[in-house]
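# Results of the structural survey
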Amino acid sequence: PAVMINAHPSVARLPSDACVVLAHGANDEVFKRSRRELEQIVSSGSPNMCFLYLTGNSGEISPGAHTRLGDRHQMHSLTLHDCLPRLIDAAMAGAVVEETGGPEAHFVRSWRGRLSDQRLEAEHWLGYTTERLGSRGGSPGRPGAD
């Protein structure tokens, strides 16, 4: 298992049968890579064993202005909300994909541990599942068609 921070220009593909988490910022000024390039690299690895953690910019609210900026080369977001330890855990969990669903699934599940008790109570009231959420509103027989 490995966590790769910033995709060096020499990286074109990932090894097969290896769990790899690739973290990259959309505003990396040292190793400029497009989202398409990064997705291609990640897709070159084994299915369900690779995960791209890409911090991108939000949409533009006016020319050149964003409400959220993606990381630069320093990857500041890795220092927030236990992100780097969670990515490492995801890479390790991805090594046993049959049990964990892979690194992406493990990372997504780890978000739950970051939620407040108040948020968890509200989600419990809402129902957690699409089926239960659908029972609280929507179009009969065609949810969301209204």
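Note that this is a predicted model, so its numbers are computed, not measured.

## Some details on the packing of helix 2 (residues 83–94) against helix 4 (residues 103–111)
Between helix 2 and helix 4, the shortest axis-to-axis distance is 8 Å and the interhelical angle comes to 140°. Between helix 2 and helix 4, the angle falls in the class oblique. Regarding helix 2 and helix 4, the two cross each other, and that crossing is right-handed. Packed against helix 2, whose contacting residues are Cys83, Arg86, Leu87, Asp89, Ala90, Ala91, Ala93 and Gly94, the element helix 4 presents Pro103, His106, Phe107, Ser110 and Trp111 at the interface. Residues belonging to the contact of helix 2 with helix 4 are distributed by class as follows: eight nonpolar, three polar and two charged.

## Description of the confidence of the model for the protein chain
Do not read the predicted coordinates in detail wherever pLDDT is low. Mean pLDDT over the protein chain stands at 86; residues scoring 70 or higher make up 86%. The spread of mean pLDDT over the elements of the protein chain runs between helix 6 (residues 130–134), the lowest at 55, and helix 1 (residues 35–43), the highest at 97.

## Comments concerning the environment of Arg68
Of note, Arg68 is situated in the loop between strand 5 (65–66) and helix 2. Residues Arg68 and Asn57 lie eleven residues apart in sequence; the distance between their C-alpha atoms is 5.6 Å.

## Section: the pattern of salt bridges
Across all of its chains, the model carries five salt bridges by this definition. Here Arg114 ties to Asp82 by a salt bridge, and the two come within 2.9 Å at their closest N and O atoms. Here the residue Arg114 occupies a position in the loop between helix 4 and helix 5 (117–126), and Asp82 occupies one in the loop between strand 5 and helix 2, the gap between them amounting to 32 residues. Judged by its relative accessible area of 41%, Arg114 is partly exposed. For Glu123, the salt bridge goes to Arg119, with nearest N and O atoms at 2.9 Å. Of the two residues, Glu123 and Arg119 are both situated in helix 5; the distance of four residues between them amounts to about one turn of the helix.

## Things to note about the sheet that holds strand 1 (residues 2–5)
Sheet strands pair by backbone hydrogen bonding; their relative direction is either parallel or antiparallel. Spatially, 1-2-3 is the arrangement adopted by the three strands of the open sheet, whose pairing is parallel. Unpaired on one side and paired on the other, strand 1 and strand 3 (50–55) mark the two borders of the sheet. Averaged over all pairs of adjacent strands, the angle between their axes in this sheet comes to 15°, without regard to strand direction. Two elements, strand 2 (residues 20–25) and strand 3, share six bridges in a ladder whose sense is parallel. By the bridge assignment for strand 3, His24 is matched with Leu54. Running at roughly 135° to strand 1, helix 2 makes contact with strand 1, strand 2 and strand 3 of the sheet. Lying over the sheet, helix 4 contacts strand 2 and strand 3, oriented at roughly 50° with respect to strand 3.

## Considering the packing of aromatic side chains
Tallied over the full model, the rule gives three aromatic pairs. Residues Tyr53 and Phe107 carry aromatic rings whose centres are separated by 5.9 Å and whose planes lie at 70° to one another, so their mutual orientation is edge-to-face. With a gap of 54 residues between them, Tyr53 in strand 3 and Phe107 in helix 4 connect regions that are remote in the sequence. Classification of Phe107 by relative accessible area gives buried; the value is 4%. An aromatic cluster is defined as three or more aromatic residues linked by ring pairs; in this entry it consists of Phe51, Tyr53, Phe107 and Trp111.

Reading the values: the criteria
- Residues numbered from 1 in each chain as written.
- Predicted model: local features only at pLDDT ≥ 70, side-chain atom pairs only at ≥ 80, totals over all residues.
- Heavy atoms only, no water.
- Axes fitted to C-alpha atoms, helices over the stretch in contact; angles between N-to-C directions.
- Helix = DSSP H or I, 4+ residues; strand = E, 2+ residues; numbered from the N terminus.
- Parallel < 35°, antiparallel > 145°, perpendicular 65-115°, else oblique.
- Left-handed = near helix turned anticlockwise from the far one by under 90°.
- Contact = heavy atoms within 4.5 Å.
- Nonpolar A, V, L, I, M, F, W, Y, C, P; charged D, E, K, R; others polar.
- pLDDT = per-residue confidence, 0-100.
- Salt bridge = Lys/Arg side-chain N within 4 Å of Asp/Glu carboxyl O.
- Buried < 20%, exposed > 50% of the residue type's maximum accessible area, 1.4 Å probe, protein only.
- Pairing = 2+ DSSP bridges.
- Phe/Tyr/Trp six-rings, centres within 6.5 Å; stacked < 30°, edge-to-face > 60°.

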